[in-house]
Amino acid sequence: MSAPILQVNHLSKAFGTNIVLRDIDFEVRPGDVTSIIGASGSGKSTLLRCINLLETPTHGEIIFHDNNVASGHVNAAKYRSKVGMVFQSFNLFSNLSVLDNCIIGQTKVLKKNKEDAKKSALSYLTKVGMAPYINAKPRQLSGGQKQRVAIARALAMEPELLLFDEPTSALDPEMVGEVLEVMRKLAAEGMTMLVVTHEMAFARDISNHVVFMANGVICEQGTPKDIFENPKELKTKEFLSRFMER
Amino acid sequence: MPATFGARILYILQMYGMSYLSGAGTTLIIALISTAVGCLIGFAVGIVQTIPINKTDPLLKRGFLRVVRALLTAYVELFRGTPMMIQAVFIYYGSAQLFNLYMDMWTAALVIVSINTGAYMAETVRGGILSIDAGQTEGAKAIGMTHLQTMLYVILPQALRNIMPQIGNNLIINIKDTCVLSVIGTVELFFTHKTVAGALYTYFESATVTMVIYLIMTLACSIILRKIEKRMDGPDNFDLATTDTLAHTSGMARYAESNDDPQEARR
């Protein structure tokens with residue numbers, strides 16, 4: 001087994017006196033597709049935001065290739081350029097066209113030249129099926145289209161690990177499919193992904209590791225088979241049965 | 001001196017038309033340059049005021065930022081909180097007396113109006129930055145941009161669009177408020193009016209001419225600024241970068257082909 005890309009050790013996060021995450025431990029190896037599931041308010045998104053240092057963890061370590069990025073002595077911008085993030089609300093740059101959204105990080109952060117950046121942006125936009133829309137502004141796109149561009153923007157940075165924060169939760173049901181399809185394709189290509197999701201089918205069929213969270217702790221983790229077919233914890237069973245009823 | 005009001009206006013225009021024009025030119029140049037410089041000052045101050053301070057930053061950096069911010073806040077409050085007229089006198093004569101720095105009319109005028117505008121713009125820019133959705137900052141951070149890069153390429157272009165109406169306000173205010181510079185002898189439009197009115201005892205006529213010239217300048221600026229805002233918004237439509245007609249079928253509700261017929265766009 002190869003060395004993990006990311007190791008989260010004893011991670012805790014509190015907003016004031018409100019403890020949102022407690023003693024979180026898990027790791028991500030190259031090629032892993034990890035789904036984090038759990039009820040709203042269980043701390044899934046906060047965990048993902050801590051991993052990308054958008055929130056500062058209160059305690060614990062986030063080890064990225066032997067460096068503890070949560071120590072405060074690591075260049076956060078440089079670390080983030082290697083860890084992509086796709087947001088629930090897309091967060092495309094509204095002042096830039098679809099193409100420029102995918103170019104700007106490459107030229108300004110990775111210091112690539114404009115030609116190469118454009119070429120690679122176009123190839124990723126083609127991959128997500130958004131190449132025809134390169135001249136559009138984000139406001140002219142549907143939700144599903146925006147999210148696919150956001151994925152292309154993250155991919156254009158050629159990250160070692162891609163974080164997804166409920167990427168389909170803000171979408172109309174008919175647009176969920178097109179985004180999941182892209183994610184499925186990425187997973188099949190061996191992209192290392194960490195996905196916070198309410199899409200149980202995705203967690204069960206696509207990921208190779210599932211983390212179930214409840215009330216700020218990891219309640220149970222294992223293979224999709226373990227979690228979905230043979231859950232050990234009562235909370236996991238209850239959560240899953242609520243989802244399966246729908 | 002002609003007997004009727006209209007004739008007197010024609011008379012002073014004949015006599016002093018060029019003086020009015022050059023006064024108006026001076027006013028316009030001071031207002032335009034100072035507003036531009038003021039905006040730059042405002043953006044610089046706005047960026048510094050919004051740099052996040054983390055508990056994990058080194059003590060030196062945090063201390064330095066705090067001191068710089070306190071100085072900038074003092075600057076903003078001082079120049080927003082006192083009349084520009086007295087600032088002009090204070091700076092013009094103060095710099096001569098204290099530092100032996102004798103500014104010419106242009107330098108003095110530009111310096112005073114710029115730093116005054118800068119103080120107002122600093123707050124406007126800060127407001128503009130706050131008005132941009134936090135998601136834009138997070139999106140920029142998530143691809144590894146630094147604070148400066150985030151500001152330059154993502155936040156400020158959007159903030160600039162949002163504060164354009166306020167920049168227009170400042171420009172128009174500056175066109176009018178340069179008249180206070182007459183206290184330090186700047187020969188702008190109001191100074192010209194005073195001179196003409198005093199020479200011919202035609203206060204009402206000269207004021208009429210001056211009012212009209214001010215109004216023409218401010219109206220022209222309003223119209224041009226509106227045009228610029230429209231251009232910043234960009235076109236409502238965009239072209240598909242493909243010859244594949246199938247692409248038109250996927251969610252192109254907003255795309256109308258080469259005409260503006262709303263029926264066509266909806267289809």
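Our subject is the structure that appears above.
Residues numbered from 1 in each chain as written. Chains lettered and ligands numbered in written order. Predicted model: local features only at pLDDT ≥ 70, side-chain atom pairs only at ≥ 80, totals over all residues. Heavy atoms only, no water.

Trainee: Lay out the pattern of salt bridges in plain terms, naming residues and giving numbers.
Mentor: Under the defined criterion, the tally for this structure stands at twelve salt bridges over all chains. Its salt-bridge partner being A:E189, residue A:K127 comes within 2.8 Å of it at the nearest N-O pair. With a gap of 62 residues between them, A:K127 in helix α4 (residues 114–127) and A:E189 in the loop between α6 (173–188) and β8 (193–196) connect regions that are remote in the sequence. The salt bridge involving B:E123 is made with B:R126; its shortest N-O contact spans 3.2 Å. (Salt bridge = Lys/Arg side-chain N within 4 Å of Asp/Glu carboxyl O. Helix = DSSP H or I, 4+ residues; strand = E, 2+ residues; numbered from the N terminus.)

Trainee: Give a detailed account of the sheet that holds strand β9 (residues 209–214) of chain A, specifying residues and quantitative values.
Mentor: Residue and element names in this part refer to chain A. The sheet built from six strands is open, its strands ordered β6-β7-β8-β3-β9-β10 with mixed pairing. Because the sheet does not close on itself, it has two edges, and the strands there are β6 (83–86) and β10 (217–222). Geometrically, the sheet is characterised by an average inter-axis angle of 20° between neighbouring strands, direction not taken into account. Of the strand pairs in this sheet, strand β3 (residues 33–38) and β9 are connected by five bridges, and their pairing is parallel. (Pairing = 2+ DSSP bridges. Axes fitted to C-alpha atoms, helices over the stretch in contact; angles between N-to-C directions.)

Trainee: Please give an account of the pairing of β10(A) that cites residues and values.
Mentor: Residue and element names in this part refer to chain A. When β9 meets β10, the two strands line up antiparallel, connected through five bridges. Paired with A214 across the two strands is V217, which belongs to β10. In this structure, the hairpin formed by β9 and β10 is closed by a connection of two residues, where N215 is found at a positive phi of approximately 50°.

Trainee: Any details on the interface of chain A and chain B? Residues and values, ideally.
Mentor: Each partner contributes residues to the interface: chain A has 31 residues there, and chain B has 32 residues. Taken together, both faces of the contact between chain A and chain B bury some 2600 Å²; the carbon and sulfur share is 55%. For chain A, the biggest contributors to the area lost against chain B are A:F93, A:Y133 and A:Q140; these three give 21% of the whole. Our count for the chain A to chain B interface comes out at one salt bridge. Here B:E138 and A:R49 are joined by a salt bridge, their closest N and O atoms 2.7 Å apart. Counting the contacts that link chain A with chain B gives ten residue pairs in polar contact (both at pLDDT 80 or more). Elements with a minimum of two residues in the side of chain A that touches chain B: α2 (76–80), β6, α3 (98–108) and α5 (143–156) of chain A. Take the side of chain A that touches chain B: its biggest share by element is three residues, from α3(A). Per-class residue counts for the side of chain A that touches chain B are 15 nonpolar, ten polar and six charged. (Contact = heavy atoms within 4.5 Å. Buried area = accessible area lost by both parts, 1.4 Å probe. Polar contact = N/O pair within 3.5 Å; in protein donor to acceptor, adjacent residues only side chain to side chain. Nonpolar A, V, L, I, M, F, W, Y, C, P; charged D, E, K, R; others polar.)

Trainee: Report on helix α7 (residues 189–200) of chain B, specifying residues and quantitative values.
Mentor: Because an α-helix completes one turn every 3.6 residues, residues spaced three or four positions apart along the sequence face the same direction. Residues and elements named next belong to chain B. Given a rise of 1.5 Å per residue, twelve residues ought to cover 16 Å, and the 17 Å separating the end C-alpha atoms of α7 matches this to within 8%. Of the residues making up α7, those classed as buried are L189, T192, H193, V196, A197 and L200. Buried residues of α7 fall within an arc of 125° about the axis and therefore sit on the same side. On its buried side, α7 packs onto α1 (5–49) and α8 (203–233). Capping the start of α7, E188 holds a side-chain oxygen 3.0 Å from the backbone nitrogen of F190, two or three residues further along. Y201 sits one or two residues past α7 and shows a positive phi near 55°. (Expected span 1.5 Å × (residues − 1). Buried < 20%, exposed > 50% of the residue type's maximum accessible area, 1.4 Å probe, protein only. Arc of directions from axis to C-beta.)

Trainee: Could you give an account of the packing of α7(B) against α8(B), with specific residues and numbers?
Mentor: Residues and elements named next belong to chain B. The geometry of α7 relative to α8 is characterised by a closest axis approach of 9 Å and an angle of 160° between their N-to-C directions. Considered as vectors, α7 and α8 are oriented roughly antiparallel to each other. Crossing handedness for the pair α7 and α8: right-handed. For the pair α7 and α8, contact is made by L189, F190, H193, V196, A197 and G198 and by Y203, S206, A207, T210, I213, Y214 and M217, respectively. Of the residues assigned to the contact of α7 with α8, the class counts are nine nonpolar, four polar and no charged. (Parallel < 35°, antiparallel > 145°, perpendicular 65-115°, else oblique. Left-handed = near helix turned anticlockwise from the far one by under 90°.)

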